[in-house]
Amino acid sequence: MIEVSVQRSVTLLKRELQEYRLSLCLTPLMVAAGLLLVLLAVSLLVNRAVSPDGLVSQLILNPPTSANSASLRIDSSPQDGSVYEYQVERPLETKPDDTPSGDGLPSAAQEVFAQWHSLHPLLNALHDLMLLLLILLVSNYLLAALFNDRRDSSILFWKSLPVSEWEQVLHRYSMGMLVVPWIVLLASWLLQAGAVLLFALLAWRADLAPIDAVLTRLDITGLWASQLYDLCRLSVSLAPVYAVLLLASAAARRSPLVTLAAPLIVIVVVERLLFGTRYASATMSAFLPQLGGDGSLLVLPQAGPWLIAAGFVAAAVALATAVYLRRFHFEL
């Protein structure tokens, strides 16, 4: 019995992945590849700047002759004898004991890499971008999942199968809570591994040891364990939000987004006008991540244990209501 139930669950999840293959499977990989290309372009610009014929190398190998200015003299023509002279004040400062030589390139690169105390902030920023993508993908999927079944009448096909409404709703919910986060997390880890490889290649191009310049500033095991923990925290905090999205998908007649936003806006506005308080908006924001702050791109939700427990209760109520609507009110 248990084996049959597990096999049925796997079949339902595979069906969802096949139907939404582009948005749920391919989009995270394509976005990760796009971000990696951006990093590649930036690394090429940096590599150009520190290359032997680049800007940094030219300033090192050919410094200004004066400590205060650099001059350029141009004779326009021998007939009128006019002369134009340009002077640039306060050039790039050099140490008195610096000696221009071909060995200046590695020393300049070492100075750049020495400022990298850790690669974790940059890799965490890339991971935060992928988490934002995760929230957008799951929200779009859950808003459309039950609504599309009623719009294209495929709900009649589901009703002809020996699959209960509870199974249909919970498997859609599991896609947003478990399956899609793992897909995005793996795409994020591939992106970060590619970024580390790019930095190692850049260090090698600058005549530095990649292990000393990059890998010693990275604790990949601790970083990925922390990101996995943060992803679990995010999924737990968004549990009631995802359930409400499914409820809006089951209840919508025309637009699930309008069905979701309208009552929330009414609740916030009515509370503000009648009582002058903002408890509803503060409670909603406690379950949502915030952009910026604390030196990171994405700040995780700040809901406490009791509020999270209340959120799970609200999620159970929303899912039960979605099952009821799918069972008895499925006509558009």
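Values in this document were obtained by computation on a predicted structure and should not be read as measured data. (Residues numbered from 1 in each chain as written. Predicted model: local features only at pLDDT ≥ 70, side-chain atom pairs only at ≥ 80, totals over all residues. Heavy atoms only, no water.)

Caption draft 1: Inspection of the nonpolar core at higher detail. Counting 57 residues, the largest nonpolar core has Leu 123, Tyr 173, Tyr 242 and Leu 246 as the members making the most contacts within it. If you list the elements that add at least two residues to this core, you get α2 (21–50), α5 (120–151), α7 (165–205), α9 (220–237), α10 (239–251) and α13 (305–328). A per-element tally of this core places α7 first, with 15 residues. Each residue touching Tyr 242, except ones within four places of it in the same chain, is listed here: Ile 135, Val 138, Leu 142, Tyr 173, Gly 176 and Met 177. (Core = buried A, V, L, I, M, F, W, Y, C linked by side-chain atoms within 4.5 Å. Buried < 20%, exposed > 50% of the residue type's maximum accessible area, 1.4 Å probe, protein only. Helix = DSSP H or I, 4+ residues; strand = E, 2+ residues; numbered from the N terminus. Contact = heavy atoms within 4.5 Å.)

Caption draft 2: Up close: the environment of Ser 285. Relative to the helices and strands, Ser 285 resides in helix α12 (residues 279–286). A relative accessible area of 32% places Ser 285 in the partly exposed class. Each C-alpha atom, one on Ser 285 and one on Gln 302, is 8.7 Å from the other, the two residues being 17 residues apart in sequence.

Caption draft 3: Quick peek at a nonpolar patch on the surface. Residues Ile 265, Val 266, Val 269, Val 270, Leu 273, Leu 274 and Phe 275 make up a contiguous nonpolar surface patch of roughly 740 Å² in combined accessible area. As for its position among the elements, Val 270 is in helix α11 (residues 256–275). Judged by relative accessible area, which is 37%, Val 270 ranks as partly exposed. (Patch = residues over 30% accessible without salt bridge, like charges linked within 9 Å, V, L, I, M, F, W, Y side chains within 5 Å. Areas by Shrake-Rupley, 256 points an atom, 1.4 Å probe, with all protein chains shown as cover. Salt bridge = Lys/Arg side-chain N within 4 Å of Asp/Glu carboxyl O.)

Caption draft 4: Here's a closer look at the pattern of salt bridges. Counting across every chain of the model gives 7 salt bridges. Ionic pairing is found between Asp 149 and Arg 172, a salt bridge with its closest N-O pair at 2.6 Å. One end of the pair, Asp 149, is in helix α5; the other, Arg 172, is in helix α7, and 23 residues separate them in sequence. What makes Asp 149 buried here is its relative accessible area of 1%. A salt bridge links Asp 149 to Arg 326; its shortest N-O distance comes to 3.0 Å. With Asp 149 in helix α5 and Arg 326 in helix α13, the pair connects residues that are 177 residues apart, well separated along the chain. In this structure Arg 326 comes out as buried when scored by relative accessible area, which is 3%. Each of Arg 15, Glu 16, Glu 19, Asp 149, Arg 172 and Arg 326 takes part in a single network of salt bridges with overlapping partners.

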